[in-house]
Amino acid sequence: MHGLYERLRAYEGRVAASGGEGRDPVNEPMIRHWCEAMGDTNPAYPGIAPPTMLQAWTMGGLGGHPAGSARSEAYDELLALLDEAGCTSVVATDCEQEYLRPLRPGDRITFDAVIESVSPRKTTKLGTGHFVTTRMDVRAGGELAGTHRFRILKYAPVRQKRKRKPEQKPEQKPERSREAMRPRPVINRDNAGFWEGVAAHKLLIQRCTGCGTLRFPWLPGCGGCGSPEWDTVAASGTGTVFSYVVMHHPPFPAFDPPYAVGLIELAEGVRIVSDITGVPYDKVRIGMPVELEFLRADDELELPVFRGAVA
């Protein structure tokens, strides 16, 4: 479409959402649930909220946001313009957060968002389209507490050619098409070292050089002492299933449901979300021992996964 990018750029700087209000004030029960799920035992919580909960206080949930919290017409127009250009699919790509002051129980959260940027047309594995970045300013009692940048790709999906499948034995499941590729991980300045480790068949855990605390997933600073200095240790590769879910729906082309996804507690004490391989999905159990292996998902992607052992 002639002049499309110029028309898209005209929306940069316009309001994406206004008058946003958190459904609940910052509160101790939500902080405790979050910390239990993340395995975060920092003694500062729940006196303050973990900084990474920033977006949690802005979510509307199934009931939506209170009256007056609304996505702007400008943002809807931008998405409609992309739809008209054939960019009808959307995928979230990454987010960045900046923390300016701690949030404490009782704080009332308000927020506004702006359309920060629209990229030139990009070609990706998923298809061709434009990256749209919004910036949300989160306030507590009117004071700026943090910012949340969220980036999506609005794209025209690549049309996949159907390949004729070889004949299968009745008891076998047909293999997935090589064209049904797994989603790509987002690699940024904060986690690039982790993926370099994966390429070398190492599962690297960050270690704070100030207090020695191990952390995963990778973060730019220590949640224990706040130090930005760190090095890495290689995981031994052993662990247990701390929790798991069995995925039945929705179906994705690169996956073959039902399958198990586990929260794995490593021997070092940190936890990682991963596929569980080597055992049927209905044999996975909490406490099951697992061992690290590396899965070649396709020609470009290798992933750390954990093989379970049935007693």
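Placed above this text is the structure.
The rules behind each value
Residues numbered from 1 in each chain as written. Predicted model: local features only at pLDDT ≥ 70, side-chain atom pairs only at ≥ 80, totals over all residues. Heavy atoms only, no water. Helix = DSSP H or I, 4+ residues; strand = E, 2+ residues; numbered from the N terminus. Buried < 20%, exposed > 50% of the residue type's maximum accessible area, 1.4 Å probe, protein only. Contact = heavy atoms within 4.5 Å. Areas by Shrake-Rupley, 256 points an atom, 1.4 Å probe, with all protein chains shown as cover. Expected span 1.5 Å × (residues − 1). Arc of directions from axis to C-beta. Pairing = 2+ DSSP bridges.

> Before we go on, may I ask you to explain the overall build of the chain in this structure?
When helices and strands are counted, the chain shows four helices and 15 strands. Looking at the chain as a whole, 35% of its 311 residues are labelled buried. Excluding contacts between residues fewer than 6 apart, the proportion of contacts in the chain whose partners are at least 24 apart in sequence is 65%. Of the roughly 18,300 Å² of accessible surface on the chain, 53% is carried by carbon and sulfur atoms.

> Mind showing me how you'd approach helix α3 (residues 73-84) here?
At 3.6 residues per turn, the α-helix brings residues three or four places apart onto the same side. Spanning twelve residues, α3 covers 16 Å between terminal C-alpha atoms, matching the ideal 16 Å at 1.5 Å per step. Listed as buried for α3 are A74, Y75, L78, L79, L81 and L82. All buried residues of α3 fall inside an arc of 155 degrees around its axis, so they share one side. Away from its buried face, by an angle of more than 90 degrees, α3 presents the exposed residues E73 and E84. G86 lies just past α3 and shows a positive phi near 95 degrees.

> Mind showing me how you'd approach the pairing of strand β12 (residues 259-266) here?
Every other side chain in a regular strand lies on the same face of the sheet, so the side chains alternate between the two faces. Most of β12 sits out of view: seven of its eight residues are buried. Sheet topology places strand β11 (residues 238-247) next to β12; eight bridges connect them, and they run antiparallel. Its bridge partner lying in β12, M247 is registered against Y259. Bridge analysis of β12 against strand β13 (residues 271-277) gives five bridges, and the strand direction is antiparallel. Pairing of L263 across the sheet is with V273, part of β13. Hairpin connection from β12 to β13: four residues lie between these consecutive antiparallel strands, with G269 at a positive phi of about 105 degrees.

Spatial relationships are all this shows, so hold off on functional conclusions.
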